[in-house]
Amino acid sequence: MANVQQNGQRYGITEPISLGGPTELDMVKTRELEKYLQDVGLYEGKEEAVRREEVLGRLDQIVKTWIKTISRAKGLNDQLLHEANAEIFTFGSYRLGVHGPGADIDTLCVGPRHATREGDFFGELQRMLSEMPEVTELHPVPDAHVPLMGFKLNGISIDLLYAQLPLWVIPKDLDISQDSILQNADEQTVRSLNGCRVTDQILRLVPNIENFRTTLRCMRFWAKRRGVYSNVSGFLGGINWALLVARICQLYPNALPSMLASRFFRVYTQWRWPNPVLLCSMDEGSLGLQVWDPRRNPKDRLHMMPIITPAYPCMNSSYNVSASTLRIMTGEFQRGKDICEAMEANKADWDTLFEPFAFFEAYKNYLQIDISAANVDDLRKWKGWVESRLRQLTLKIERHTYDMLQCHPHTHDYQDASRPLHCSYFMGLQRKQGVPTAEGEQFDIRRTVDEFKHTVNGYMLWIPGMEISVGHIKRRSIPSFVFPGGVRPPSHTSKGTWDSKRRSENRISSTASAATTTTTNEASSESKAGSNSSEDGKKRKRGDDETLTDQLRNSKRVAVSVPVASGEGRSPDPSGGSICSSPLKDCCTNGKSDLVTKDPPESVVLFSKDPIEKLATPQAPSQETEELEDSFDFGNQVVEQISNKDTVLAASAIPPLEATTSNGSPFSIGEVEELEVLPMRQPEVTHRASVQQRKPIIKLSFTSLGKTNGK
């Protein structure tokens, strides 16, 4: 392995945290990790790899035949007809080399100016594919943010995008990494090309591709086991995890995968969101395309976990993340960090790290979203639409309850074998931890659910038979079809696992916190004490990681200072100390926003024992933007670099940071200070008198739910 220090090459926008090479223990742990990943079946066999190559070759033949056909039909001259060409590129997990058995292949078809997306790609090519016996499950999605066709070719799943370039002839050696390829391209083409351009750029920006791939396989598997792998649900998708891992590889260029996985959790546990993750400086380009810039674009200020793509135009790949999903992921990073530290002391192993998250044991209350359709094809379309809207329900609940009711969406759907045309989704609910609760305090989310249903039922392709219902259920009432084999496991089956022990500790901690009321000064003192004790606990860390503190003071400043939405905070540990810096100190205290405490609603949750959709629906909700981020508050300012020596750095000890783009223009803190705080809409707690309720409403609260049900 070439040493980065020896060849003088630097990766990323900062100096590495450590140039140290692997120890003997790192080598042993890496071999154990690679064997573990092999044993769980993350690598495909040679036979399947050959099949994939054959399928890609066949797809290349199909699109070349297609382009000849439409060129002839449009009367192009003999020379253009002879040179007519379309090229296939791959991206995503297949291009990165981290795909597993049965994974789909993300592909891009690049065609000339006369081959249109609407008439030719979703017209003639779709017709050709539908008539081929080797093509099955053809599913065109022309109205998606990135239009595509999904299908299986000889049993291999393919997602095919299309980019229409303003060229009469597509050269066989086309280089799509050049920015000039985007000139005069339409917006959908730019987005379609972005996947390939980003994937190729990631591979260029990591110091060791094989170590990157192994670490990424590890983190993808971990994220799926822990239920945080889903872009559509508000967590992170494949490209997001690839960017996060790539940044760790840049910071530890000579580390092996076992150490990279450990440092992944250590770094991102302490990362101060919404400080962006950047693999390279952001290029503003010369084509006038919009890039991620919170100074100029108001929506960019709303992003809670910016992970910026390295190819022009630089975009935030994780705009779907919400306050609740960020809280969940931050908690999972902390869990991973704790386990990796235990592994160093031989008190845990890889099995512990990869324990599946016991979603249906983690909460006492859930929302169950049931959908149904008249036939299989309609259900597939309806599922795709509803899944794309579920994140809106999380955002609405967060907003309407002042972030006091936290949501945890499950990343998968479930189907009852006895109801083949039905599908169910689940969302865990809990009151914000660490906040004193009054006996009988309730959250009324009926109106929130009605608004969500109103949005979902606005589906342009809705037809009779497409139904949706939302209901509140308790943990003991979870349907059995969600469990393996349709059999509900005995209570506390996870007793003795790492998670169960931590839940017990958190339960004790929460009880003690709720029973004790402290002043703001006392809370600040406890936070500082917690930081000091955490610092003492980190003295056993490796000495080479201590250089990161000096980087904060002396290295080139690269972080974009932007405010962050108020809510439950950026860390699962309320004693983690302040993450605010002085320009916004009036908006937050010790990482907790005061904005949500203004005029709190008085008696707010009403869960109905009957399905919510059966209650009388209020009048149609007022028009609002589809993305609810515009209604969020912001209070925290953060910095990119974090110390591996200290668990949490007090904001007062961190100098102001400044980001620079490739042309040297800074993201100055002064400009951020001038940002206007967006008001949060007060939830309506009164109901219109005109609404008649056909069934009595059974008021249930988290504190009295068992008594109400008579259990």
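What you are looking at is a predicted structure, and each value in this text was computed from that prediction instead of being measured. (Residues numbered from 1 in each chain as written. Predicted model: local features only at pLDDT ≥ 70, side-chain atom pairs only at ≥ 80, totals over all residues. Heavy atoms only, no water.)

Asker: An account of the overall build of the protein is needed here, citing residue identities and associated values.
Answerer: Of the regular secondary structure elements, the protein holds 20 helices and 17 strands. Residues counted as buried form 54% of the 711 residues belonging to the protein. Accessible surface, the protein as shown: approximately 31,600 Å² in total, 50% of it carbon and sulfur. (Helix = DSSP H or I, 4+ residues; strand = E, 2+ residues; numbered from the N terminus. Buried < 20%, exposed > 50% of the residue type's maximum accessible area, 1.4 Å probe, protein only. Areas by Shrake-Rupley, 256 points an atom, 1.4 Å probe, with all protein chains shown as cover.)

Asker: Please give an account of the packing of aromatic side chains that cites residues and values.
Answerer: Note on aromatic pairs: each is described by the distance of the centres and the angle between the planes. In the structure shown here, the tally under the stated rule is 32 aromatic pairs. When the centroid spacing of 5.8 Å and the interplanar angle of 80° are considered together, the rings of Phe264 and Phe333 count as edge-to-face. Taken together, the positions of Phe264 in helix H10 (residues 257-270) and Phe333 in helix H11 (residues 323-344) put the pair 69 residues apart, joining distant regions of the chain. Overall, the relative accessible area of 1% leaves Phe333 in the buried class. Centre to centre, the rings of Trp271 and Trp273 are 5.8 Å apart; their planes meet at 35°, and the pair counts as tilted. Here the two residues Trp271 and Trp273 agree in accessibility, since each one is buried. An aromatic cluster is built from Trp222, Trp241, Phe264, Phe265, Tyr268, Trp271, Trp273 and Phe333, whose rings are joined through pairwise contacts. (Phe/Tyr/Trp six-rings, centres within 6.5 Å; stacked < 30°, edge-to-face > 60°.)

Asker: Could you give an account of helix H9 (residues 238-251), with specific residues and numbers?
Answerer: For H9, built from 14 residues, the straight-helix expectation of 20 Å at 1.5 Å per residue is met to within 8% by its first-to-last C-alpha distance of 20 Å. Burial runs high along H9: twelve of the 14 residues are buried. Buried residues belonging to H9 abut helix H5 (92-96), helix H7 (187-205), helix H8 (209-225), H10 and H11. (Expected span 1.5 Å × (residues − 1). Contact = heavy atoms within 4.5 Å.)

Asker: For the side chain of Ser424, give the residues involved together with the corresponding values.
Answerer: Structurally, Ser424 is set in strand S8 (residues 422-431). Of the polar contacts made by the side chain of Ser424, one reaches the side chain of Asp370; its length is 2.5 Å. (Polar contact = N/O pair within 3.5 Å; in protein donor to acceptor, adjacent residues only side chain to side chain.)

Asker: Run through the confidence of the model for the protein, naming residues and quoting values.
Answerer: Predicted confidence across the protein gives a mean pLDDT of 76, with 68% of residues reaching 70 or more. Contacts from residues 517-544, a stretch scored under 50 in pLDDT, to residues over four places away or in other chains number 34 contacts. (pLDDT = per-residue confidence, 0-100.)

Asker: I'd like to hear about the nonpolar core, residue by residue, with values.
Answerer: In terms of nonpolar packing, the biggest core is built from 65 residues, with Phe212, Trp222, Trp241, Phe264 and Tyr268 touching the most fellow members. Grouped together as the second largest cluster of nonpolar side chains are 29 residues, Val63, Trp66, Cys109 and Phe122 included. (Core = buried A, V, L, I, M, F, W, Y, C linked by side-chain atoms within 4.5 Å.)

Asker: Can you break down the packing of H8 against H10 residue by residue, with the values?
Answerer: Between two packed helices, both the angle of their axes relative to each other and the distance between the axes serve to describe the pair. Interaxial distance between H8 and H10 falls to 9 Å at its minimum, and their mutual angle equals 50°. Taken together, the axes of H8 and H10 lie oblique to each other. H8 and H10 meet at a crossing whose hand is right-handed. For the pair H8 and H10, the contacting residues are Asn211, Thr214, Thr215, Cys218, Met219 and Trp222 in the first and Pro257, Leu260, Ala261, Phe264 and Phe265 in the second. Class assignment of the residues belonging to the contact of H8 with H10 gives a composition of eight nonpolar, three polar and no charged. (Axes fitted to C-alpha atoms, helices over the stretch in contact; angles between N-to-C directions. Parallel < 35°, antiparallel > 145°, perpendicular 65-115°, else oblique. Left-handed = near helix turned anticlockwise from the far one by under 90°. Nonpolar A, V, L, I, M, F, W, Y, C, P; charged D, E, K, R; others polar.)

Asker: Tell me about unusual backbone geometry, and name the residues and values.
Answerer: Look at the link from Trp273 to Pro274: it is a cis peptide, with omega at 10°. Looking at the element boundaries, Pro274 is found in the loop between H10 and H11. In this structure, the amide linkage connecting Tyr312 to the following residue, Pro313, adopts the cis form with an omega of -5°. Within the element layout of this structure, Pro313 appears in the loop between H10 and H11. A positive phi is found at Asn346, a non-glycine position, where the angle reads about 60°. Judged by relative accessible area, which is 64%, Asn346 ranks as exposed. A positive phi angle is found at Asp403, which is not glycine, with a value near 65°. As for its position among the elements, Asp403 is in the loop between helix H14 (376-400) and strand S7 (405-409).

Asker: Quick one: what's the story with the environment of Ala374, residue by residue and with numbers?
Answerer: Mapped onto the secondary structure, Ala374 falls in the loop between strand S6 (365-372) and H14. Take Ala374: its relative accessible area is 48%, and that puts it in the partly exposed class. Spatially, the C-alpha atoms of Ala374 and Gly465 are 5.0 Å apart, while their sequence positions differ by 91 residues. In this structure Ala374 touches Leu421 and Gly465, once residues within four positions along its chain are discounted.

Asker: Give me the sheet that holds S6: which residues, what numbers.
Answerer: Taken in spatial order, the four strands line up as S7-S8-S6-S10 in an open sheet, and their pairing is antiparallel. With one partner strand each, in any of the chains shown, S7 and strand S10 (467-474) form the two edges of the open sheet. Adjacent strand axes in the sheet meet at a mean angle of 25° when their direction is disregarded. As judged from the five bridges shared by S7 and S8, these two strands associate in the antiparallel manner. If you follow His408 over to S8, its bridge partner there is Gly428. Packing against the sheet, H11 makes contact with S7 and S8, and its axis sits at approximately 70° to S7. (Pairing = 2+ DSSP bridges.)

Asker: Provide a residue-level description of the pairing of S10, including the pertinent values.
Answerer: Across the eight residues of S10, seven count as buried, placing the element largely inside the fold. Relative to S10, S6 runs antiparallel, the two sharing eight bridges. Following the sheet pairing, Leu367 is matched in S10 by His472.

Asker: Quick rundown of the pairing of S6? Include the residues and the values.
Answerer: Within S6, eight of the eight residues are buried, which leaves the element mostly enclosed by the surrounding structure. Of the two faces of S6, the one holding Asn365, Leu367, Ile369 and Ile371 and the one holding Tyr366, Gln368, Asp370 and Ser372 are both buried throughout. In this structure, S6 lies alongside S8, joined through eight bridges in antiparallel fashion. Note that in S8 the partner of Asp370 across the bridge is Ser424.

Asker: Tell me what's going on with the pattern of salt bridges, and back it up with residues and numbers.
Answerer: Throughout the structure, instances matching the rule amount to 30 salt bridges. A salt bridge links Glu284 to Arg295; its shortest N-O distance comes to 3.8 Å. Of this pair, Glu284 sits in the loop between H10 and H11 while Arg295 is found in the loop between H10 and H11, placing the two residues eleven residues apart along the sequence. Relative accessible area serves as the criterion here: at 18%, Arg295 is assigned to the buried category. A salt bridge links Glu451 to Lys396; its shortest N-O distance comes to 3.5 Å. Here Glu451 is found in helix H15 (residues 446-456), whereas its partner Lys396 is found in helix H14, with 55 residues between them in sequence. Judged by relative accessible area, which is 4%, Glu451 ranks as buried. Taken together, the shared-partner salt bridges in this structure form one network comprising Glu284, Asp293, Arg295 and Arg296. (Salt bridge = Lys/Arg side-chain N within 4 Å of Asp/Glu carboxyl O.)

Asker: Describe the sheet that holds strand S5 (residues 156-164), naming the residues involved and giving the relevant values.
Answerer: Read across the sheet, five strands follow the order S1-S2-S5-S4-S3 without closing on themselves; strand pairing throughout is mixed. Of all strands in the sheet, those with a lone pairing partner are strand S1 (87-91) and strand S3 (135-141), marking the two edges. Across this sheet, the average inter-strand angle for adjacent strands is 25°, counted without regard to direction. Two elements, S1 and strand S2 (residues 105-111), share five bridges in a ladder whose sense is antiparallel. Its bridge partner lying in S2, Phe91 is registered against Asp106.

Asker: So what's going on with the packing of helix H2 (residues 24-39) against H10? Which residues, and what values?
Answerer: Running from N to C, H2 and H10 point in directions that differ by 90°, and their axes come no closer than 7 Å. Classified by the interaxial angle, the pair formed by H2 and H10 is roughly perpendicular. Counting all contacts with H2, which are made through Asp26, Lys29, Thr30 and Leu33, the residues of H10 involved are Pro257, Ser258 and Met259. For the contact of H2 with H10, the per-class residue count stands at three nonpolar, two polar and two charged.

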